[in-house]
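# Observations on the three-dimensional arrangement
Okay, here's what each chain looks like letter by letter:
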Amino acid sequence: MSYTIEGRTGPWELVIGLEVHAQVISQAKLFSGAATAFGAGPNTQVSFVDAGFPGMLPVINGECVAQAVRTGLGLNAQINLWSRFDRKNYFYADLPQGYQISQFAHPIVGTGVIGIELADGSSKEIGITRLHLEQDAGKSLHDQHPTKSFIDLNRSGVALMEIVSEPDMRSPEEAGAYLTKLRQILRYLGTCDGNMDEGSMRADVNVSVRKAGEGYRTRCEVKNVNSIRFVMQAVEAEARRQIEIWEEGGEVHQETRLFDTGRGVTRSMRSKEDAHDYRYFPDPDLPPLVLDAAWVEELRAALPELPDARRARYVAEYGLSAYDAHVLVLEKETAAYYEAVAAGRDPKLAANWVMGDLFAALNRTRRDIADSAGLGPRSRRAAGPDAGRHPLRQAGQGGLRGDGGNRPGARRHRRGTRPPPGHRQRRDRGGGGSGAGRQCRQGGRIQIRQGQALRFLRRPSDEDHAGQGQPGAGERGHQAEAGLRRPDDRRAAWPGGLNRAEDTRPADAAAPRGWGPPRRAGFRRVAAGPGWFPSPCRGSAAHRPAPRCRW
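A quick note: this is a predicted structure, and the numbers were derived from the prediction, not measured.

Let's shift gears to the overall build of the protein chain. Along the backbone of the protein chain there are twelve helices and 22 strands. For the protein chain, restricting intrachain contacts to residue pairs at least 6 apart in sequence, the fraction spanning at least 24 positions comes to 66%. Approximately 27,300 Å² of the protein chain is accessible, and the part contributed by carbon and sulfur atoms is 51%.

Right under this line is the structure:
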């Protein structure tokens, strides 16, 4: 069923095309030897070529060319053995050369195709117009000073692959599925890490609307969208804006816009330039790029198994359903882990365990699949799915379950991880011996470790209870001796609902060996609330040694 937006004058059809900028994985930039590591200090990875110093000549990075060819082969696209670099001339503060070295008339990769799958089970092919190499510009920072803009040239000269699609998408869902599939292919190939939050992959969204049977109307470009979800939202917002303009008798003008993620609307950035505005001409410092056909075939033979082929193999070889195979091949690391788990075991049972128990453990501990080898309590020895103490032992030993119930290692996954360096772990004195909380000491403060979070607790003073209807120290001691506990003492007015500690020792009593709830019937442990709460140091002169607390 086709996607349309209902207006006052009837349904409108969407026409969508994407221009995706994917940063090439390489150790150096496209035309210089400067590093490309993410997160470096401002202007610390800049060469004379990147800064546009006079007389500096660009030298092509061969690995960037190879990565572009691999990507074109993975997209089933035509590889052009002869291509050329051009200068795209425009001025901006973060473009010190005054031009961008790109490819315009003769790109390195020509037409290709990507197959996408939609939620209703249908599939569709989206055409690829071209893929060309170009250098990135720097970054302007406008929020660091009230009256000045700062320039960071670390990204200047970084190699980009601009992948331009045909206007074949007709709904936000198709745009999201296309971008998801493209990111998946790039990650499988190892040519781009696809980290959109780091700027390694971003999309320019071209949107227009039309009535059924009409030709193309004027399009607008939404620039630099760095999330698949935001791409889908930008398509919807821009389409509704254009429909409103057309239905009111106005005319949509071609322009470049930005998507306001907070308000969910697009706003104008600048009027749209055409190719002649950039005054393209061949770069005089770079000769044409000529590739050897035999070298291209060597790259083709070395390509890894792509997601579509791996999914088909899982269905044919392992007997998995199309849905299970689709989930397992979404990430390259997940597929590799699954194959290691399924070796010598029931493939379906292994798939259930990975998609159920393992994914649940990863969500609980907020880890990636690459870190899954350390989920057990002895993470240094649990090196992978075949390790001796890993919850997945051999199937004949009963170590593989997919029922989501009392799973081997499930309690181990829920336990806290090792304390940070510099902390001295204390034995858990908690009730029941469940191991859910761990204590460690640093700088005179007690830390109760709950899973991945740390909580600082302290013994409250009598001033903490003043005016809050809490019993005094004598009454609290009497209740403790009688084995009673007031219901309103279980939760305190601290931020996040953190329990109050109850002092049951005399003020001049010596400090106990360690803190922890007493193992006594009638008391239950309540997890601390979220956040970090600083406490006075145990050795502070303003506070006496901390007594044992009930909480």
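So, on to the pattern of salt bridges. In this structure the tally under the stated criterion is 30 salt bridges. One salt bridge in this structure joins Glu255 and Arg257, with 2.5 Å as the shortest N-O distance. Arg257 carries the same exposure label as Glu255, and that label is buried.

Take the sheet that holds strand β15 (residues 281-282) next. Overall, antiparallel pairing links the three strands, which are arranged β5-β4-β15 in an open sheet. Both edges of this open sheet fall to β5 (99-102) and β15, since each of them pairs with a single strand only. Relative to β15, strand β4 (residues 86-89) runs antiparallel, the two sharing two bridges. Considered in β15, the bridge of Arg87 is made with Phe281.

The next point concerns the pairing of strand β6 (residues 112-117). Residues of β6 alternate between two faces, with Gly112, Ile114 and Ile116 buried on one and Val113, Gly115 and Glu117 left unburied on the opposite face. Relative to strand β7 (residues 123-135), β6 runs antiparallel, the two sharing six bridges. Residue pairing in the sheet places Val113 in a bridge with Gly127 of β7. In sequence, β6 turns back onto β7 through a hairpin of five residues, with Gly121 there showing a positive phi of about 95 degrees.

Glancing now at helix α3 (residues 228-247). Here α3 contains 20 residues, and its C-alpha end-to-end distance of 29 Å stays within 8% of the 28 Å for a straight helix at 1.5 Å per residue. All buried positions along α3 are accounted for by Phe230, Val231, Ala234, Val235, Ala237, Glu238, Ala239, Arg241, Gln242, Ile243, Trp246 and Glu247. Sitting at the head of α3, Ser227 places a side-chain oxygen 3.3 Å from the backbone nitrogen of Arg229.

The next thing to look at is the packing of aromatic side chains. With the rule as written, the count across this model stands at nine aromatic pairs. Judged by centre distance (5.4 Å) and plane angle (80 degrees), the ring pair of Phe31 and Phe85 falls under edge-to-face. With a gap of 54 residues between them, Phe31 in the loop between β2 (10-23) and α1 (62-74) and Phe85 in the loop between β3 (82-83) and β4 connect regions that are remote in the sequence. The exposure class assigned to Phe31 is buried, which follows from its relative accessible area of 3%. Exposure remark for Phe85: the relative accessible area of 3% places this residue in the buried category. Relative to Phe259, the ring of Phe230 has its centre 6.3 Å away and its plane inclined at 55 degrees; by these criteria the two rings are tilted.

What follows is about unusual backbone geometry. Notably, Asn76 is not glycine yet its phi reads approximately 55 degrees, a positive angle. Checked against the element boundaries, Asn76 lands in the loop between α1 and β3. Overall, the relative accessible area of 59% leaves Asn76 in the exposed class.

Here the focus is the nonpolar core. One finds Leu18, Ile108, Tyr178, Leu182, Val205, Tyr314 and Tyr338 to be the most contacted residues of the largest nonpolar core, which totals 90 residues. The leading source of residues in this core is helix α2 (residues 172-189), at nine residues. Every residue in contact with Tyr178, bar those within four places of it in the chain, is listed here: Leu18, Val20, Ile114, Ile116, Ile126, Ile128, Ile163, Ser165 and Met169.

A separate point is the pairing of β5. Burial along β5 is two-sided: the residues Tyr99 and Ile101 and Gln100 and Ser102 are all buried. Bridge count for β4 against β5 is four bridges, and the pairing is antiparallel. Note on β5: the bridge partner recorded for Asn89 is Tyr99.

Running from N to C, α1 and helix α5 (residues 293-301) point in directions that differ by 65 degrees, and their axes come no closer than 10 Å. As for how α1 packs across α5, the hand of that crossing is right-handed. Contacts between α1 and α5 pair Val65, Ala66, Val69, Arg70 and Leu73 from the former with Trp295, Val296, Leu299 and Arg300 from the latter. Here the residues of the contact of α1 with α5 are counted per class, giving seven nonpolar, no polar and two charged.

Time to look at the side chain of Thr191. Among the secondary structure elements, Thr191 is positioned in the loop between α2 and β11 (201-210). For Thr191, a relative accessible area of 0% translates into the label buried. Within the local environment of Thr191, its side chain forms a polar contact with the side chain of Thr71, the two groups lying 3.1 Å apart.

For the protein chain, per-residue confidence averages 78 on the pLDDT scale, and residues scoring 70 or more make up 67% of the total. Within the model, the stretch residues 374-383 combines pLDDT values under 50 with 21 contacts to residues more than four positions away or in other chains. Here residues 394-399 scores under 50 on pLDDT; set against residues more than four positions off or in separate chains, the count is eight contacts.

All right, on to a nonpolar patch on the surface then. Together, Phe48, Phe53 and Met56 give the surface a local cluster of nonpolar side chains, amounting to about 310 Å² of exposed area. The topology assignment puts Met56 in the loop between β2 and α1.

This next bit is on the packing of helix α8 (residues 332-342) against helix α9 (residues 347-365). Relative orientation and spacing of two packed helices are given, respectively, by the angle between their axes and the distance between those axes. Running from N to C, α8 and α9 cross one another at 130 degrees; their axes reach a closest spacing of 9 Å. As judged from the angle between their axes, α8 and α9 are oblique. Regarding α8 and α9, the two cross each other, and that crossing is right-handed. When α8 is examined against α9, the residues Thr334, Tyr337, Tyr338, Val341 and Ala342 are found in contact with a partner set consisting of Pro347, Ala350, Ala351, Trp353, Val354, Leu358 and Phe359.

So, about helix α6 (residues 307-318). The first and last C-alpha atoms of α6 sit 15 Å apart over twelve residues, in line with the 16 Å expected at 1.5 Å per residue. For α6, every residue scored as buried is listed here: Pro307, Arg310, Arg311, Tyr314 and Tyr318. With its buried residues spanning 100 degrees around the axis, α6 presents them on a single face. Opposite the buried face of α6, at more than 90 degrees from it, the exposed residues are Ala316 and Glu317. Those residues of α6 that are buried lie in contact with β6, α2, α7 (322-328), α8 and α9. Just past α6, the residue Gly319 takes up positive phi, approximately 70 degrees.

Here we come to the side chain of His21. Relative to the assigned elements, His21 resides in strand β2. Owing to a relative accessible area of 8%, His21 belongs among the buried residues under this scheme. At a separation of 3.3 Å, a polar atom in the side chain of His21 contacts the side chain of Glu162. Setting aside chain neighbours within four positions, we find His21 in contact with Glu134, Leu160, Met161, Glu162, Ser200, Met201, Arg202 and Asp204.

Parameters at a glance
- For every chain, the first residue of its written sequence is number 1, and the numbers climb from 1 along that sequence.
- Local features in this predicted model are restricted to residues of pLDDT 70 or higher, and side-chain atom pairs are both shown and tallied only at a pLDDT of 80 or more, whereas totals for entire chains, interfaces and linings draw on every residue.
- Hydrogens and water are ignored here; the side-chain numbers use all heavy atoms of the structure.
- Numbering of helices and strands starts at the N terminus; helices are DSSP runs of H or I of at least 4 residues and strands are runs of E of at least 2.
- The contact rule is simple, with two residues in contact once any of their heavy atoms fall within 4.5 Å.
- Here the accessible surface of atoms and residues is derived via Shrake-Rupley with a 1.4 Å probe, and residues count as covered only by protein chains that are part of the display.
- Salt bridge criterion: a side-chain nitrogen from Lys or Arg within 4 Å of a carboxyl oxygen from Asp or Glu.
- Burial here depends on accessible area, computed with a 1.4 Å probe over protein chains only, as a share of the maximum for the residue type. Under 20% is buried, over 50% is exposed, and the range in between is partly exposed.
- Pairing between strands requires that DSSP locate at least two bridges from one strand to the other.
- A helix is expected to span 1.5 Å for every residue after the first.
- Distance and chemistry together define a polar contact, namely a pair of N or O atoms within 3.5 Å, with one atom able to donate a hydrogen and the other to accept it when in protein, and with adjacent residues in sequence counting only for side-chain atoms on both sides.
- Each Phe, Tyr or Trp ring (for Trp, its six-membered ring) is paired with any other whose centre lies within 6.5 Å, and the angle between the two planes then decides the class: stacked below 30 degrees, edge-to-face above 60, tilted in between.
- We call a set of buried residues a nonpolar core when its members are Ala, Val, Leu, Ile, Met, Phe, Trp, Tyr or Cys and they connect through side-chain atoms within 4.5 Å of each other.
- Axis lines are fitted through C-alpha atoms, for helices just across the contact stretch, and the angle between N-to-C directions can take any value from 0 to 180 degrees.
- Handedness of a crossing is defined here by the sense of rotation of the near helix relative to the far one, left-handed for an anticlockwise turn of less than a right angle and right-handed for a clockwise turn.
- Throughout this entry, Asp, Glu, Lys and Arg are counted as charged residues, while Ala, Val, Leu, Ile, Met, Phe, Trp, Tyr, Cys and Pro are counted as nonpolar. The remaining residues, Gly among them, count as polar.
- Scored from 0 to 100, pLDDT reflects the predictor's confidence in each residue.
- Exposure above 30% relative accessible area and the lack of any salt bridge qualify a residue for a patch; like charges then connect within 9 Å, and the nonpolar side chains Val, Leu, Ile, Met, Phe, Trp and Tyr within 5 Å.
- Here the word oblique covers every angle except those under 35 degrees (roughly parallel), over 145 (roughly antiparallel) and from 65 to 115 (roughly perpendicular).
- Each direction from the helix axis to a C-beta atom contributes to the arc, which is the arc of those directions.

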